[in-house]
Amino acid sequence: MRRRFEPSLPVARAASLRYPVLVALLTQACGSGCSTTLHGDLTEENANEALLALRDRGLTASKVGESSPGGQPRFRIELPPAQMDEGLAVLAESHLPRTAQPGFSEFLRSGRLVPSSSEEQVRLLAALGGELARSLEAVDGLVRARVHIALPAARSVDFNRPSSLKEPPSQPRASVLIKHTKDALLPSDSHIQALISGAVQDLPASNVTVVRVPATSRPPAPRQWSQIGPVTVAKDSAPALKATLGLLLSLNLVLGGGLLWALRRYRVLSKA
């Protein structure tokens, strides 16, 4: 009569303990290699710009969608924890993500129901300057743009001085501040002046002042490497690789021990 194969109590206890060990190893591997959020609540355009800047520096960045109460798609940028400091430095150097300039849509949504005439004019000029800045920032290599528009005060008539009626009215003026990368191919001053003067009534192009400022940059930091046996990997990837190798070694030991125990048990049962 063939005996039924049943594991002994120590063997069954050891088998029941190996699963928590594997779970702990998987948790350690995830803690070393999983990603954390570098920046969230981004538009797709801002997320793509940040993603390209980080990957150009050799960082393993990823773009992940996230839920938004307003219905507009929003995204976040994730990095391994070991690359977080370098990622923050890259975004700060690249002036990313860009701050959204307030435009006419924000002008129409905000404010009181019946604003004063002076308040409405100030908000309208700010919205117009934001729209023009957005247009300039669409140029490749232009990091940041600010547009300031100054309208002349209302003309007053001095009846005691009749010659004041013949004085020409004051004209609007505007100034543009542009921060750009070193090798950016930007429009000429005349083109920028034409863009601004065409959007503001009675503003001659000669009254638009353009100031260009190069953005400061630094050379990319050299990658640091680690030696794990015969394998050379980036230093920030070493913890994940070590955890993976440790997990594989543990699995091999568990499987090898189980195979040896099964062979010994089979021999004992064969002799019985």
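Look up a bit, the structure's there.
This one's a predicted model, so the numbers in the text were calculated from it and none came from an experiment.

Considerations on the sheet that holds strand 1 (residues 36-42)
Piece 1. Read from one edge of the open sheet, three strands run 1-3-2, paired in antiparallel fashion. The sheet is open, and its two borders are formed by strand 1 and strand 2 (62-66), each paired with just one other strand. When the angles between neighbouring strand axes are averaged without regard to direction, this sheet yields 30°.
Piece 2. With four bridges joining them, strand 1 and strand 3 (residues 74-79) adopt antiparallel strand pairing. Following the sheet pairing, His-39 is matched in strand 3 by Ile-77.
Piece 3. Each of strand 1 and strand 3 is contacted by helix 3 (residues 84-93), which is oriented at about 35° to strand 1, the strand it contacts most.

Remarks on the packing of helix 2 (residues 44-56) against helix 3
Piece 1. The geometry of helix 2 relative to helix 3 is characterised by a closest axis approach of 10 Å and an angle of 120° between their N-to-C directions. One element, helix 2, and the other, helix 3, form an angle in the oblique class. Here the hand of the crossing between helix 2 and helix 3 comes out right-handed. Of the residues in helix 3, those in contact with Ala-50, Ala-53 and Leu-54 of helix 2 are Gly-87, Val-90 and Leu-91.
Piece 2. Partitioning the contact of helix 2 with helix 3 into residue classes produces five nonpolar, one polar and no charged.

Focus on the pairing of strand 3
Remark: a regular strand shows side chains that alternate across the two faces of the sheet.
Piece 1. Note: strand 2 against strand 3, five bridges, orientation antiparallel. The partner of Ser-62 across the bridge, within strand 3, is Glu-78.

So, the sheet that holds strand 6 (residues 208-214)
Piece 1. The three strands lie next to each other as 4-5-6, forming an open sheet whose pairing is mixed. Of all strands in the sheet, those bounded by a partner on one side alone are strand 4 (142-150) and strand 6. With direction set aside, neighbouring strand axes in the sheet form an average angle of 15°.
Piece 2. Lying on the sheet, helix 6 (residues 189-199) is in contact with strand 4, strand 5 (173-180) and strand 6; it crosses strand 6 at an angle near 130°.

Here's the deal with the environment of Ala-153
Piece 1. Along the chain, Ala-153 falls in the loop between strand 4 and strand 5.
Piece 2. In this structure Ala-153 comes out as exposed when scored by relative accessible area, which is 71%.
Piece 3. Separated by 18 residues in sequence, Ala-153 and Gln-171 have C-alpha atoms that sit 9.6 Å apart.

So, the pattern of salt bridges
Piece 1. Under the counting rule described, the total for this entry stands at nine salt bridges.
Piece 2. Salt-bridge contacts for Arg-76 lead to Glu-78; the nearest nitrogen and oxygen are separated by 2.8 Å.
Piece 3. Since its relative accessible area comes to 23%, Arg-76 is described here as partly exposed.
Piece 4. Residue Arg-144 is joined to Glu-137 by a salt bridge in which the shortest nitrogen-to-oxygen separation is 3.8 Å.
Piece 5. Here Glu-137 falls in the buried class, since its relative accessible area comes to 11%.

Quick notes on the layout of surface pockets
Piece 1. Quantified by volume, the largest pocket comes out at close to 920 Å³.
Piece 2. Along the wall of the largest pocket there are 31 residues; nearest its centre are Glu-49, Ser-94, Leu-96, Arg-98 and Leu-142.
Piece 3. Breaking the lining of the largest pocket down by element, the ones donating at least two residues are helix 2, helix 5 (117-137) and strand 4.
Piece 4. Tallying contributions element by element places helix 2 first for the lining of the largest pocket, with six residues.
Piece 5. Looking at the lining of the largest pocket residue by residue, the class counts come to nine nonpolar, 10 polar and 12 charged.

The rules behind the values
- One numbering rule holds for all chains: residues counted from 1, following each sequence as written.
- pLDDT decides what is reported in this predicted model: residues at 70 or higher carry local features, side-chain atom pairs at 80 or more are listed and counted, and totals for whole chains, interfaces and linings draw on all residues regardless.
- Side-chain numbers come from the whole structure's heavy atoms, not from hydrogens or water.
- Should DSSP find at least two bridges between two strands, the strands are taken to pair.
- Only runs of H or I of at least four residues qualify as helices and only runs of E of at least two qualify as strands under DSSP, and these elements are numbered from the N terminus.
- Only the stretch in contact is used when fitting a helix axis, every axis being a line fitted to C-alpha atoms; angles between N-to-C directions are given from 0 to 180 degrees.
- Note on contacts: a residue pair is in contact if any heavy atoms of the two residues lie within 4.5 Å.
- If an angle is under 35 degrees, it is roughly parallel; if it is over 145, roughly antiparallel; if it lies from 65 to 115, roughly perpendicular; otherwise it is oblique.
- By convention, the crossing between two helices is left-handed when the near helix turns anticlockwise from the far helix through less than a right angle, and right-handed when the turn is clockwise.
- For this classification, Asp, Glu, Lys and Arg are treated as charged, while Ala, Val, Leu, Ile, Met, Phe, Trp, Tyr, Cys and Pro are nonpolar and the rest, including Gly, are polar.
- Exposure is judged per residue with a 1.4 Å probe applied to protein chains only, and the accessible area is read against the type maximum: over 50% gives exposed, under 20% gives buried, and values in between give partly exposed.
- Between Lys or Arg on one side and Asp or Glu on the other, a salt bridge is scored when a side-chain nitrogen of the former is within 4 Å of a carboxyl oxygen of the latter.
- Lining residues are defined by having an atom within 4 Å of a point belonging to a cavity or pocket. Those points lie on a 1 Å grid over the protein atoms alone, cavities being sets where a 1.4 Å probe fits but cannot get out and pockets being open sets with protein on both sides within 12 Å along at least five of seven lines.
- Grid points are joined across faces, edges and corners, and a volume is the space filled by probe spheres set on the points.

Keep in mind these values describe shape, not function.
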